[in-house]
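# Descriptive analysis of the structure
One-letter residues, chain by chain:
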Amino acid sequence: MRKHNFYAGPSTLPLSVLEELQRTMVEYHGMGLSLVETSHRSSEYDDVHASALGGMRALLDVPDTHEILFLGGGATMQFGMVPMNLLPAGGHADIVHSGAWAEKTLDDLKKIGSANILFDGSEGGFTTLPDPADVQPSAGSSYLHITSNETIGGLQWKAFPQTGDVPLVADMSSDILSRRIDVSQFGLIYAGAQKNLGPAGVTVVIIRKDLLDRSPDTLPAYLDYRTHAKKNSLYNTPPVFSIYALSLVMNWITSEGGLDAIAKRNITKSAMVYRTIESNPEFFRCPVDQRYRSDMNVVFRLPTEDLEKQFVAEAAAKEMVGLKGHRSVGGIRASLYNALPVESVETLVEFMREFAQKNG
Ligand code: PMP
């Protein structure tokens, strides 16, 4: 039996995708070998690569002005690659410091150039975001960086700042493809795969083509976005298994009704948990500003840490895994990515109600 999987990443994948991976693992569509044993220059892999890129372009409605790249290194490598490519010598970038992931971005940005912090959420314990209308790039800024969803803090931007001529850059690792966005509003979007896209291994970068001109010639080949753009993300061996799985996830999203249907379901799922928290205010508490509560990662606290431990243990005994909050903040975190079935959320909220009744 498959468990109810609330892990923050790697996280749950659609069962039909896992089954298709299993079916094709040893022999890929009559080829007599597995796709992972096949040259990445083969026509079979070419089709998979094109299907993954095409699927993502269609679902996110990525305009021709933007290139989609499949890279390695995780979102973490983008913390460095973004400034290496977009920040000229002596330049600065603006950043919204919204939590643990923004902090990592900031640390790397400061190694490459200088950072201008537009908003610092640390004083409030990273429980809120600025109003997007108040987020304005500073004069001479090379780009403005946000983290669209803080996976640890459970904070999510519901609308994005309008940054005019200054490119908006977003780490969308934990909410890409969870809702419709206007890609043309962004200069660059990046995301590791292991939440809504597939297994870890591939990192997606969506970059406005004119920004490719900024990359300095001094960059090593792999770190230069132009290398990958010129070679259709086949400059070197791509993470073929992860891209294959991503292509199947794109098909799954389409079969579920596309991003509008997925977004609607995501809101339904998160509302079920937030409603349960709100209706038991003596027992559950969500520290996040109501306006910015994440639909992907719902964080909440119980009256004591001992009760939180007991909650996680009893949930595990009922086949619900991955509910322990990140080690840096504690508490409970329920990650409700695209592939998590509504039934798993029903099981969770029922358990929450019972647990509160018994222990409140
Ligand atoms: N940004 C965010 C918002 C994340 O949630 C994560 C991973 N949890 C990362 C960056 C780092 O991603 P990776 O492990 O793929 O480098």
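Report on the accompanying structure. (Residues numbered from 1 in each chain as written. Predicted model: local features only at pLDDT ≥ 70, side-chain atom pairs only at ≥ 80, totals over all residues. Heavy atoms only, no water.)

## A look at helix 1 (residues 15-25)
Spelled out, the test is: In this scheme, a residue with accessible area under 20% of its type's maximum is buried, one over 50% is exposed, and one in between is partly exposed, where area comes from a 1.4 Å probe on protein chains only. Under the scheme used here, helices are H or I runs from DSSP no shorter than 4 residues and strands are E runs no shorter than 2 residues, and both carry numbers assigned from the N terminus. The arc in question is the one spanned by the directions pointing from the helix axis to the C-beta atoms. The contact definition used throughout considers only heavy atoms, calling two residues in contact when any of these lie within 4.5 Å.
All buried positions along helix 1 are accounted for by Val17, Glu20, Leu21 and Thr24. The buried residues of helix 1 occupy one face: seen down the axis, they fall within an arc of 100 degrees. Residues of helix 1 that are exposed and point over 90 degrees away from its buried face: Gln22 and Arg23. In the core, the buried residues of helix 1 are packed alongside helix 6 (240-255).

## Focus on a nonpolar patch on the surface
We apply this condition: Residues enter patches when their relative accessible area tops 30% and they take part in no salt bridge; the joining distance is 9 Å for like charges and 5 Å for the nonpolar side chains Val, Leu, Ile, Met, Phe, Trp and Tyr. Accessible surface is estimated by sampling points in the Shrake-Rupley manner with a 1.4 Å probe; for residues, cover comes only from the protein chains shown. Salt bridge, as used here: a side-chain nitrogen of Lys or Arg that lies within 4 Å of a carboxyl oxygen of Asp or Glu.
Together, Met25, Val26, Val36 and Phe241 line one region of the surface with nonpolar side chains, adding up to about 340 Å² of accessible area. Structurally, phenylalanine 241 can be placed in helix 6. For phenylalanine 241, a relative accessible area of 30% gives the class partly exposed.

## Remarks on a negative patch on the surface
Defined as follows: Counting rule applied: Lys, Arg positive; Asp, Glu negative; His and chain ends not counted. Each charge is placed at NZ for Lys, CZ for Arg, CG for Asp and CD for Glu.
A surface patch of negative charge is lined by Glu103, Asp107, Asp120 and Glu123. In this fold, aspartate 107 is placed in helix 4 (residues 100-112). Overall, the relative accessible area of 37% leaves aspartate 107 in the partly exposed class.

## Here's the deal with the pattern of salt bridges
A side chain of one charge can pair with a side chain of the opposite charge when the charged atoms of the two come close. The full count for this structure, using the stated rule, is 13 salt bridges. Between arginine 23 and glutamate 20 there is a salt bridge; the shortest N-O distance is 2.7 Å. Note that arginine 23 and glutamate 20 are positioned in helix 1 at a spacing of three residues, about one turn of the helix. Assessed through its relative accessible area of 58%, arginine 23 is described here as exposed. One salt bridge in this structure joins arginine 226 and aspartate 217, with 3.0 Å as the shortest N-O distance. Arginine 226 sits in the partly exposed class, given a relative accessible area of 21%. Linked through salt bridges whose partners overlap, the residues forming this network are Asp217, Asp224 and Arg226.

## Here we look at the sheet that holds strand 2 (residues 66-71)
Heads up, the condition is: A pair of strands is labelled paired if DSSP reports no fewer than 2 bridges between them. As a rule, the C-alpha atoms of each element are fitted with a line to give its axis, helices using only the stretch in contact, and angles between N-to-C directions run from 0 to 180 degrees.
The seven strands lie next to each other as 2-10-9-8-5-3-4, forming an open sheet whose pairing is mixed. Sheet topology places strand 2 and strand 4 (114-120) at the edges, where each strand pairs with a single neighbour. Going across the sheet, the axis of each strand differs from the next one's by a mean of 20 degrees, ignoring polarity. In terms of strand pairing, strand 3 (residues 92-97) meets strand 4 through six bridges, oriented parallel. For histidine 97, the partnering residue across the bridge sits in strand 4 and is aspartate 120. Contacting strand 2, strand 5 (141-147), strand 8 (168-171), strand 9 (188-192) and strand 10 (203-208), helix 3 (residues 74-86) crosses the sheet at an angle of about 155 degrees to strand 9. Here helix 4 sits on the sheet and contacts strand 3, strand 4, strand 5, strand 8 and strand 9; the angle it forms with strand 3, its principal contact strand, is near 160 degrees.

Geometric values such as these leave the question of function open.
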